[in-house]
Amino acid sequence: MVLEETKIMNDETVDLTPLDEVLEAFRDERGAIIPILQRTQEIYGYVPAEAIQHISKHTGNSVAQLYGVATFYSQFYLERRGRHIVSICDGTACHVKGAPRLVTTLEEQLGIKAGETTPDYRVTVEVVYCLGSCALAPMAVIDGQVVGRLVPDKVSKLVRELE
Amino acid sequence: MSEPIYRANVLVCTGTGCDSSGAGSVIDALRGEVERRELQGEVRVIETGCRGFCAMGPIVIVYPEGLFYCQVQTTDVEELVEETLVKGRILQRLVFEVPHSQQAVPFYDEIPFYEKQQRITLRNCGVIDPESIDEYIARGGYEALGKVLSEMSSEDVIEEVKASGLRGRGGAGFLTGLKWEFTARAPGDVKYVVCNADEGDPGAFMDRSILEGDPHSVIEGMAICGYSVGSSEGYVYCRAEYPLAIKRLRLAIEQAEEYGLLGDDIFGSGFGFHLKIKEGAGAFVCGEETALIASIEGKRGEPRPRPPFPAVSGLWGKPTNNNNVKSYANVPQIIRNGAEWFAAIGTPRSPGTAIFALTGKVENTGLIEVPMGITLREIIYDIGGGIPDGKEFKAVQTGGPLGGCLPASGLDLQVDFDSLRQAGAVMGSGGMIVVDEETCMVEFSKYFLTFASAESCGKCVPCRVGGRRMLEILTRITEGEGTPEDIDQIKEIAKGMDSDSLCALGQLTPGPIMSALRYFEDEFHAHINEDRCPAKQCVNMISYYVSPETCVGCGMCKRECPVQVIDGERRMIHIINQDGCIKCNTCFEVCPFDAIVKLSGGEIEVPEEPIPVGSFGK
Ligand SMILES: Cc1cc2nc3c(=O)[nH]c(=O)nc-3n(C[C@H](O)[C@H](O)[C@H](O)COP(=O)(O)O)c2cc1C
Ligand code: FES
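Residues numbered from 1 in each chain as written. Chains lettered and ligands numbered in written order. Predicted model: local features only at pLDDT ≥ 70, side-chain atom pairs only at ≥ 80, totals over all residues. Heavy atoms only, no water.

## Focus: the overall build of chain B
Per the secondary structure count, chain B includes 23 helices and 19 strands. Radius of gyration (C-alpha) of chain B: 27 Å, near the 25 Å computed for a compact globule of 618 residues. Along the longest, intermediate and shortest principal axes, the C-alpha atoms of chain B span 95 × 70 × 40 Å. Buried residues in chain B amount to 60% of all 618 residues. Summed over its atoms, the accessible surface of chain B is roughly 24000 Å², and 49% of this surface lies on carbon and sulfur atoms. (Helix = DSSP H or I, 4+ residues; strand = E, 2+ residues; numbered from the N terminus. Rg over C-alpha atoms; globule rule 2.2 N^0.38 Å. Buried < 20%, exposed > 50% of the residue type's maximum accessible area, 1.4 Å probe, protein only. Areas by Shrake-Rupley, 256 points an atom, 1.4 Å probe, with all protein chains shown as cover.)

So, in structure tokens, the structure goes:
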């Protein structure tokens, strides 16, 4: 069941029309690869291979060059991500206050490693570094919401509740 | 000037810390309550940038009295408005209490956390509405730019900045005026001004607070720099993880353009300056200036050898001046108040102030600004309020993943660029993390090394391979597989990385380990030779036992154990099955009777199987 769903999602063709607007907006800007990729990711949630091909065609940058940039920066995702994004801060303050245990808890609970997405695309867990909320350490951001002063139990419960 | 005069101003901090503890809904509630009581003509609710005292957020300050309320929640709002804004009384329960002494301090300027601070770079943060250029101007903003454009030659400006002794706040502490002079003297008609707002140190957020709380100070500083080096175009390179900073900066740029403070022909002087924002995309190495420049150009952010320095050949091959956010933010005040004023603050060789994100195991965490020359002890104990829960201070780490740590014997050291470097720590970009007896220094060094080696761009071998090898060794040591030769190996790799890496990332990556080895070498030996982690953190070297003398058989540990390896019925002494224990620490935390013993090296005597409470050893 889960597998089938995955397949269907993966077969989904990527609609490239919204990308044309982005390409148009950055037409005359020098060194615009990064912002173009950022806008691309805003549209699709990740940077699909089709989009890279399309960008290459329109900007004249080679596909290799685009992949070079996209893989260099940790912000870019080349694969589809989960419906929910859980970012655990492992910045220094959060680290000394127990962030690693939050990460292992979620890894065990979901059966994935940090940086990965559950096969049903429910949750992506990622590790980030200092979000400026050190006073609330250890903290995480779940779907854009900051949750602070976490313990393994609490984060595990919050993630379980994500539909 | 048709703004009504308000009887009271209620300032709510919307810095990251306060925001994540709920400042947004507090503001909505305050506005709602003020309107409900029809006070909107007399009372104004203002959103400000970071006040620094993040641990106590959300923070609300009521002026003119300067009443300081902390940890305000929406449920407090009705009473706050009723008591303070209607009846003019202090709402005691929201007043700050000094840890340990429990003394209540209702007024902002009397709180010990602020007493030893000197807010210069952050003077507007938390005081003005960052989205209003008028408030910045009302506090003397853009006066310096006006003065520069109307009264000073570009050489005058450079001389003034040089005379102030301002050193770059991006980490290395290079003289800002001198750098400007290099760029000014470099041949070329097109030049650029770049602001480094990449802030990669994983425990620092001061650049972000400035951009969020006082963006115009950075814009003004950059425009002044542009005038003095002969550049009409600037870029702020800001990490994408800071959306609010980017939004406020963008707004500030628009406002400045509207007011004619950015754009062509500013103040009719003939000098024009345009500012753009470039968002980073998540790469620590992009904080390094040549990598940053490559990234602005849309390339992979890999550093290149210097010279040529950016001052000669930077962005698009043109002379480029790059400074940190704080360096620029200091400039308008230097121009306005004079170089002597600035030079008199701090120490002769490190004038001005230092900003730290004070975090970790201290009572008062937050963002602090102190005069250079203050001691670490004053920061940690007077401002930070000491170590919580009666624990022992162990070390303080500054400079983040490329920095170093200092032990208790370093507490009386003066904080400035040179003394910290001599002692093996660095000023860095401002993270200051205090750790107590519960932090394992081997694991702590491994943490920084993991970060730095993952962020190596891979271009040069010493950094790419050296970091990896060193990490493998440290991992081995923390897993109990270390060998006595490991320490020499680490030292040798460190030497190679330091001398042969292309950029400071590789050169400084060994910093945290080398300082840990310098001050805590015995902890490394305990791991290697005795299979013992003195801080009881490295899971392969610790074990948990239920103390048969203390256990009352309540069953709490058994219920909470996630892997169910604890045996025992009620009123029986519980037993932890050592083979299945995953050392998650849960039992240790939940036991209401402190009956769980954590050991590293050694074991205690326990019954073979659960026996009735009180019968052990009888
Ligand atoms: C790996 C690495 C990361 C850096 N990160 C930053 C940073 O986040 N912010 C910053 O201002 N400087 C950073 N620097 C220092 C810059 O290269 C540069 O020295 C600094 O921006 C100069 O500004 P200043 O003269 O105002 O200090 C970093 C250097 C290295 C090697
Ligand atoms: S270290 Fe996690 S928010 Fe700063």
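## Concerning the overall build of chain A
The helix and strand tally for chain A stands at 8 helices and 4 strands. Each helix and strand of chain A, ordered N terminal to C terminal, gives the series α-α-α-α-α-β-α-α-β-β-β-α. In terms of principal-axis extent, the alpha carbons of chain A reach across some 50 × 40 × 25 Å. For chain A, the proportion of its 163 residues judged to be buried stands at 52%. Of the contacts made within chain A by residues no fewer than 6 positions apart, 61% connect residues no fewer than 24 positions apart. Of the accessible surface of chain A, which amounts to about 8100 Å², a share of 52% is contributed by carbon and sulfur atoms. One way to put it: in chain A the 16 positive side-chain charges average out to a point 8 Å from where the 23 negative ones average out. (Contact = heavy atoms within 4.5 Å. Lys, Arg positive; Asp, Glu negative; His and termini not counted. Charge placed at Lys NZ, Arg CZ, Asp CG, Glu CD.)

## Points about the nonpolar core
All names here are of chain B. Counting residues in each nonpolar core, the largest one holds 73 residues, and the members touching the most others are Val157, Trp180, Val218, Met222, Ile224 and Phe273. In terms of residue count, the dominant contributor to this core is helix 10 (residues 215-229) (8 residues). Setting aside chain neighbours within four positions, we find Ile224 in contact with Ala144, Leu145, Val148, Val157, Trp180, Val331, Pro332 and Ile335. Grouped together as the second largest cluster of nonpolar side chains are 65 residues, Ile27, Val34, Phe113 and Val370 included. (Core = buried A, V, L, I, M, F, W, Y, C linked by side-chain atoms within 4.5 Å.)

## Let's talk about the pattern of salt bridges
Residue and element names in this part refer to chain B. One pass over the full model with this rule turns up 43 salt bridges over all chains. The shortest N-O distance in the salt bridge between Arg185 and Glu181 comes to 3.4 Å. Of this pair, Arg185 and Glu181 both sit in helix 8 (residues 176-185), 4 residues apart, which is roughly one turn of that helix. Note that Lys276 is salt-bridged to Glu233, the shortest N-O span being 3.5 Å. With Lys276 in strand 9 (residues 274-279) and Glu233 in strand 8 (residues 233-238), this residue pair connects regions lying 43 residues apart in the sequence. (Salt bridge = Lys/Arg side-chain N within 4 Å of Asp/Glu carboxyl O.)

## Some words on the packing of aromatic side chains
Residues and elements named next belong to chain B. Inspection of the entire model under this criterion finds 21 aromatic pairs over all chains. Their ring planes at 90 degrees and their centres at 6.1 Å tell us that Phe53 and Tyr114 sit as a pair that is edge-to-face. Separated by 61 residues along the polypeptide, Phe53 in the loop between strand 2 (43-48) and strand 3 (60-63) and Tyr114 in helix 4 (residues 112-115) bring together distant segments of the chain. When its relative accessible area of 8% is taken as the criterion, Tyr114 is described as buried. Between Phe68 and Tyr114 the ring centres are 6.1 Å apart and the planes differ by 75 degrees, which places this aromatic pair in the edge-to-face class. Of this pair, Phe68 sits in strand 4 (residues 67-69) while Tyr114 sits in helix 4, and the two are 46 residues apart along the sequence. Above the face of the Phe588 ring, Lys598 is positioned so that its terminal group lies 5.1 Å from the ring centre. (Phe/Tyr/Trp six-rings, centres within 6.5 Å; stacked < 30°, edge-to-face > 60°. Lys NZ or Arg CZ within 6 Å of the ring centre and 35° of its normal.)

## Some points on the environment of Arg123 of chain B
All names here are of chain B. Residue placement: Arg123 occurs in the loop between helix 4 and helix 5 (133-138). A residue is classified by how much of its surface remains accessible, and Arg123, at 22% relative accessible area, is partly exposed. Each C-alpha atom of the pair Arg123 and Glu369 lies 9.5 Å from the other, and the pair is 246 residues apart in sequence. A polar side-chain atom of Arg123 sits 2.9 Å from the main-chain carbonyl oxygen of Arg139. (Polar contact = N/O pair within 3.5 Å; in protein donor to acceptor, adjacent residues only side chain to side chain.)

## Observations concerning the interface of chain A and chain B
Contacts between the two partners involve 36 residues from chain A and, on the opposite side, 51 residues from chain B. Note that Arg39 of chain A is salt-bridged to Glu279 of chain B, the shortest N-O span being 3.6 Å. The interface formed by chain A and chain B contains 18 residue pairs in polar contact (both at pLDDT 80 or more). Among the elements of the structure, helix 3 (33-44), helix 5 (63-72), helix 6 (92-96) and helix 7 (99-110) of chain A are those that each provide at least two residues to the side of chain A that touches chain B. Looking at which element gives the most residues to the side of chain A that touches chain B, the answer is helix 3 of chain A, with 5 residues.

## Re a nonpolar patch on the surface
Residues and elements named next belong to chain B. On the surface, Phe174, Leu175 and Phe182 cluster together to form a nonpolar patch covering roughly 280 Å² of accessible area. Positionally, Phe182 belongs in helix 8. Judged by its relative accessible area of 44%, Phe182 falls in the partly exposed class. (Patch = residues over 30% accessible without salt bridge, like charges linked within 9 Å, V, L, I, M, F, W, Y side chains within 5 Å.)

## Let's talk about the confidence of the model for chain A
Within chain A, residue pLDDT values average 88, and 93% of them lie at 70 or more. Between residues 1-11 of chain A, whose pLDDT stays under 50, and residues either more than four places distant or in other chains, the model counts 8 contacts. (pLDDT = per-residue confidence, 0-100.)

## Structural notes on the site of ligand 1
All names here are of chain B. Around ligand 1, the surrounding shell holds 19 residues, and the nearest of these are Gly170, Lys179, Asn323, Asn324 and Ser327. In the environment of ligand 1, an oxygen atom lies 2.8 Å from a nitrogen or oxygen atom belonging to the side chain of Lys179. Within the side chain of Asn196, an N or O atom sits 3.0 Å from an oxygen atom of ligand 1. In isolation ligand 1 has 620 Å² of accessible area, and contact with the protein removes 91% of it. Where the shell around ligand 1 is concerned, the elements lending two or more residues are strand 10 (320-324) and helix 20 (504-508). (Near = heavy atom within 4 Å.)

## Quick notes on the domain arrangement of chain B
Residue and element names in this part refer to chain B. Entries for chain B in the domain assignment read domain 1 (8-111), domain 2 (133-343), domain 3 (353-436), domain 4 (441-529) and domain 5 (543-600). Put simply, the middle of domain 2 and the middle of domain 4, counted by C-alpha atoms, are 35 Å apart. Between domain 2 and domain 4 the total buried area reaches about 880 Å² when both faces are included, carbon and sulfur atoms providing 75% of it. The three residues of domain 2 that bury the most area against domain 4 are Pro202, Phe284 and Pro303, which together make up 51% of that side's buried surface. (Domains from an automatic or database assignment. Buried area = accessible area lost by both parts, 1.4 Å probe.)

## Quick look at helix 18 (residues 461-478) of chain B
For helix 18 of chain B, which comprises 18 residues, the first-to-last C-alpha distance of 25 Å matches the rise-based estimate of 26 Å (1.5 Å per residue) to within 8%. Gly480 of chain B sits one or two residues past helix 18 of chain B and shows a positive phi near 85 degrees. (Expected span 1.5 Å × (residues − 1).)

## Structural notes on the packing of helix 17 (residues 441-455) of chain B against helix 18 of chain B
All names here are of chain B. Packing of helix 17 against helix 18 brings their axes to within 10 Å, and their N-to-C directions diverge by 150 degrees. Relative to helix 18, the element helix 17 lies roughly antiparallel. Remark: the crossing between helix 17 and helix 18 carries left-handed chirality. Counted together, Val442, Glu443, Ser445, Lys446, Leu449, Thr450 and Ser453 of helix 17 and Gly467, Arg468, Met470, Leu471, Leu474, Thr475, Ile477 and Thr478 of helix 18 form the full contact between these two elements. For the contact of helix 17 with helix 18, a count of residues per class yields 6 nonpolar, 6 polar and 3 charged. (Axes fitted to C-alpha atoms, helices over the stretch in contact; angles between N-to-C directions. Parallel < 35°, antiparallel > 145°, perpendicular 65-115°, else oblique. Left-handed = near helix turned anticlockwise from the far one by under 90°. Nonpolar A, V, L, I, M, F, W, Y, C, P; charged D, E, K, R; others polar.)

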